[in-house]
Amino acid sequence: VNSALDSAPLPASANTATVTRFLVTDFGSDGAVVYDTASGDTHLLDPLEAELLPMLVRQPEATAVALMHEFVDSSDATPDDEPAVIERIERALIRLRGLGLDSALPLESF
Amino acid sequence: LKVSELARDELASQMRRGEFLLDLPPFIASIRSDLAGVVRDVATMYGAFDTAPPATFVDFHIEVLRERGPRGWLRPQARFFFDGQPAFAPLPEAQGYSMVEWGLNWCVAAHAHEYLIIHAAVIEKAGRAVLLPARPGAGKSTLCAALVQSGWRLLSDELALVDIETGLVRGMARPVNLKNASIAAIRSFAPAAVLTSPVPDTLKGTVALMQPPDASVLRVREPAEPTWIVLPRYVANAPAEVVAHNRAQTLLLMADQSFNYDVHGANGFAAMSRLVGRCSCHRFTYGKMHEAVAVFDELASQEERRS
């Protein structure tokens, strides 16, 4: 049986299939919940972390400053808010990266 | 044939021989026992339920039997068996019927993985269900008992069975488990409610079961649409207060209160997300049952007006 399996051709899509590791349910101002299919863990994200997550997935190496510019562009924050925003983003990045959520693997939303 | 249509001797005989099949939609349970107290309480609590014909497929074979041996003469004990195998430590014989209820809960929670199973009471009005998830001692069962004695339909006191495909919720309309002070509280609130004799000194304190209303049992096969998730908390003499609760936190709490969320993996997460996504989520503090019932009735009325 093993040899038959070994010699079976791989499905055509085997090398191109995308793996969705993280599933996300976004509740807007209530934050989001992320399910990690690799570990089976479920994580609660606050609204800022939830907003940063898709940015981080698009740019896994992004710094807090780069994300802050993107965040400020898409929010009501003013230049005066920047130091506080950077500090909060840094804290959020530490948590997201600690959860393994800086992976470039795609996300699926519910 | 309803359980109440069986003569008590016939019920005892069927239960002794292991021929008593109870229809607990969506399951069938075979309940065998040689204990008179178990026969008496099954007859009282499940009178409005159907029995199943002899050849019916049985989901759960349970037995609660008198423990044999010299110790049984000194302190009579009963033991729970599942599929012919002993499960759990024996308990005093007076707790035999409680073992039936706890054992049935365990059977469903550990085996019925076609459903997403959540530790929550479920009640319904006008087709819309309220899920009441709570940690022990929060007042879930007391609130559930008060509401079903006030016109709400009982789906379940302990286990919400969420159909993963449709998102609808089912229950078995089984008896409501009351503990300690809630026994007297329900007797005072609803004097016509039928309760078993309180059994003291169990692991959960003094326990009694409340008979489900006949109207709930008649509609036991009807699922309901989850509409509200309410986290109850009893605080003595506190005014009834309902406030919105964070939905992301609710999802996490529901996952924590589920018996098989982890078994379903990504499908469980998706089903839980859909469940929370379709419900409005609230925290509810109450200290008086009349006030609590009024709040829930108003919740249902608002939804009816909205739709």
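The structure we're discussing is the one just above.
Model, not experiment: these values are computed from the prediction. Note that residues are indexed from 1 along each chain, following the sequence as it is written. A letter from A marks each chain and a number from 1 marks each ligand, given out in the order of writing. Under the rules for a predicted model, residues below a pLDDT of 70 receive no local features and side-chain atom pairs below 80 are neither given nor counted, while totals for whole chains, interfaces and linings still include all residues. Excluded from the side-chain calculations are hydrogens and water; all other atoms, namely the structure's heavy atoms, are used.

Turning our eyes to something else, we now look at the overall build of chain B. Numbering of helices and strands runs from the N terminus, with a helix taken as a DSSP run of H or I at least four residues long and a strand as a DSSP run of E at least two residues long. Helices and strands together make up the secondary structure of chain B, namely ten helices and 16 strands. Atoms counted for the radius of gyration: C-alpha only. Globule rule: 2.2 Å times residue count to the power 0.38. The C-alpha atoms of chain B give 19 Å as radius of gyration, which agrees with the globular expectation for 307 residues (19 Å, within 12%). Dimensions of chain B, computed from C-alpha atoms along their principal axes, come out at roughly 60 × 40 × 35 Å. Out of the 307 residues belonging to chain B, those deemed buried represent 57%. Within chain B, contacts between residues at least 6 apart in sequence are counted, and of these 72% link residues at least 24 apart. Note on areas: Shrake-Rupley with a 1.4 Å probe; residue coverage comes only from the protein chains shown. Counting every atom, chain B has about 13,100 Å² of accessible surface; 53% of that belongs to carbon and sulfur. Positive residues here are Lys and Arg, negative ones are Asp and Glu, while His and the chain termini are left out of the count. The atom standing in for a charge is NZ when the residue is Lys, CZ when it is Arg, CG when it is Asp and CD when it is Glu. Treating the 31 positive side-chain charges of chain B as one cloud and the 32 negative ones as another, the clouds have centres 4 Å apart. For every residue, the accessible area obtained with a 1.4 Å probe (protein chains only) is divided by the maximum for its type, and the residue is called buried under 20%, exposed over 50%, and partly exposed between those limits. Any pair of residues with heavy atoms lying within 4.5 Å of one another is described as a contacting pair.

Along chain A, the regular secondary structure elements total four helices and four strands. Mapped in sequence order, the helices and strands of chain A form the string α-β-β-β-α-α-α-β. Scored against the burial criterion, the 110 residues of chain A give a buried share of 35%. Pairs at least 24 residues apart make up 50% of the contacts formed inside chain A by residues separated by at least 6 positions. As displayed, chain A has an accessible area near 6,500 Å², and 54% of this comes from carbon and sulfur atoms.

Residue and element names in this part refer to chain A. In the contact formed by helix α2 (residues 47-58) and helix α4 (residues 82-98), the axes pass within 10 Å of each other and the chain directions differ by 70 degrees. By the angle between their axes, α2 is roughly perpendicular relative to α4. The two elements α2 and α4 meet at a crossing, and its hand is right-handed. The residues of α4 that touch α2, namely those facing Leu48, Glu49, Leu52, Leu53 and Leu56, are Arg88, Ile89, Ala92, Leu93, Arg95, Leu96 and Arg97. An axis is simply a line fitted to the C-alpha atoms; with a helix, the fit covers only the stretch in contact. Between two such axes, the angle follows the N-to-C directions and lies from 0 to 180 degrees. Angle categories are assigned with fixed cut-offs, so that under 35 degrees is roughly parallel, over 145 is roughly antiparallel, 65 to 115 is roughly perpendicular, and the rest are oblique. A clockwise turn of the near helix away from the far one marks a right-handed crossing, whereas an anticlockwise turn of less than a right angle marks a left-handed crossing.

Moving on: the interface of chain B and chain A. In this complex, chain B contributes 15 residues to the contact, which on the side of chain A involves 15 residues. Summed over both partners, the interface of chain B with chain A comes to about 1,200 Å²; 75% of that surface belongs to carbon and sulfur atoms. The largest per-residue losses of area from chain B upon contact with chain A belong to Ala248, Leu252 and Phe269 of chain B, which jointly make up 43% of the total buried on that side. Any Lys or Arg side-chain nitrogen found within 4 Å of a carboxyl oxygen on Asp or Glu counts as a salt bridge. One can count zero salt bridges joining chain B with chain A. Pairs of N or O atoms within 3.5 Å make up the polar contacts considered here, provided that, within protein, one atom can donate a hydrogen while the other can accept it, and that residues adjacent in sequence are counted only when both atoms are side-chain atoms. The interface formed by chain B and chain A holds four residue pairs in polar contact (both at pLDDT 80 or more) in total. Summed over both partners, buried area is the accessible surface (1.4 Å probe) that two parts give up on being assembled.

This part covers the pairing of strand β7 (residues 128-133) of chain B. Residues and elements named next belong to chain B. Counting buried positions along β7 yields five of six residues, so the element is predominantly enclosed. Two strands are said to pair when DSSP picks up at least two bridges between them. Sheet topology places strand β6 (residues 115-125) next to β7; six bridges connect them, and they run antiparallel. Directly across from alanine 121, in β7, lies its bridge partner leucine 132. Counted between consecutive antiparallel strands, the loop separating β6 from β7 contains two residues, among which alanine 126 sits at a positive phi close to 55 degrees. Where β7 meets strand β14 (residues 225-234), four bridges bridge the pair, whose relative direction is parallel.

What follows deals with the nonpolar core. Membership of the largest hydrophobic core comes to 46 residues, with the highest contact counts inside it found for Phe20, Tyr46, Ile62 and Val108 of chain B. Core analysis: the next-biggest nonpolar cluster, separate from the first, contains 32 residues, Ala121, Leu147, Ile186 and Met210 of chain B among them. Within this scheme, the nonpolar core is defined by two criteria: the residues are buried Ala, Val, Leu, Ile, Met, Phe, Trp, Tyr or Cys, and they are joined through side-chain atoms within 4.5 Å.

Here we take up the sheet that holds strand β13 (residues 205-210) of chain B. Residues and elements named next belong to chain B. Reading across from one edge, β11-β13-β12 is the order of the three strands in this open sheet, with antiparallel pairing throughout. Lying at the two open borders of the sheet, with one neighbouring strand each, are β11 (176-179) and β12 (199-202). Recorded for the sheet is a direction-independent mean angle of 40 degrees between the axes of neighbouring strands. Bridging between β12 and β13 involves two bridges; their strand directions are antiparallel. The residue bridging threonine 202 from the neighbouring strand is glycine 205, located in β13. Of the strands in this sheet, β11 and β13 touch helix α6 (residues 181-189), which is tilted by about 115 degrees from β11.

Our focus in this paragraph is the environment of isoleucine 183 of chain B. All names here are of chain B. Mapping isoleucine 183 onto the fold places it in helix α6. Expressed as a C-alpha distance, the spacing of isoleucine 183 and alanine 208, which sit 25 residues apart in the sequence, is 6.8 Å. Residue contacts for isoleucine 183: discarding those within four places in its chain leaves Leu178, Leu195, Pro198, Thr206, Val207 and Ala208.

Stacked, edge-to-face and tilted are the three classes for Phe, Tyr and Trp ring pairs, Trp counted by its six-membered ring, which pair at centre distances within 6.5 Å; planes under 30 degrees apart are stacked, over 60 edge-to-face, the rest tilted. Applying the stated criterion across every chain yields a total of twelve aromatic pairs over all chains. Taken together, Trp152, Tyr234, Phe284, Tyr286 and Phe296 of chain B form an aromatic cluster joined through their ring pairs.

Turning our eyes to something else, we now look at the side chain of arginine 153 of chain B. Residues and elements named next belong to chain B. Position of arginine 153 among the secondary structure elements: in strand β8 (residues 153-156). The exposure class of arginine 153 is buried, given its relative accessible area of 4%. Among the polar contacts listed, one links the side chain of arginine 153 to the backbone oxygen of arginine 219, at a separation of 2.8 Å. In this view, arginine 153 contacts Val122, Ile123, Glu124, Val148, Ser216, Arg219, Glu222, Pro223 and Ala224; residues no more than four positions away in its chain are not counted.

Once that is clear, we can look at α2 of chain A. Taken as a whole, α2 of chain A has its buried residues at Leu48, Glu49, Ala50, Leu52, Leu53, Met55, Leu56 and Val57 of chain A. At the N-terminal end of α2 of chain A, a side-chain oxygen is found 3.1 Å from the backbone nitrogen of leucine 48 of chain A, two or three residues along, and the residue is aspartate 46 of chain A.

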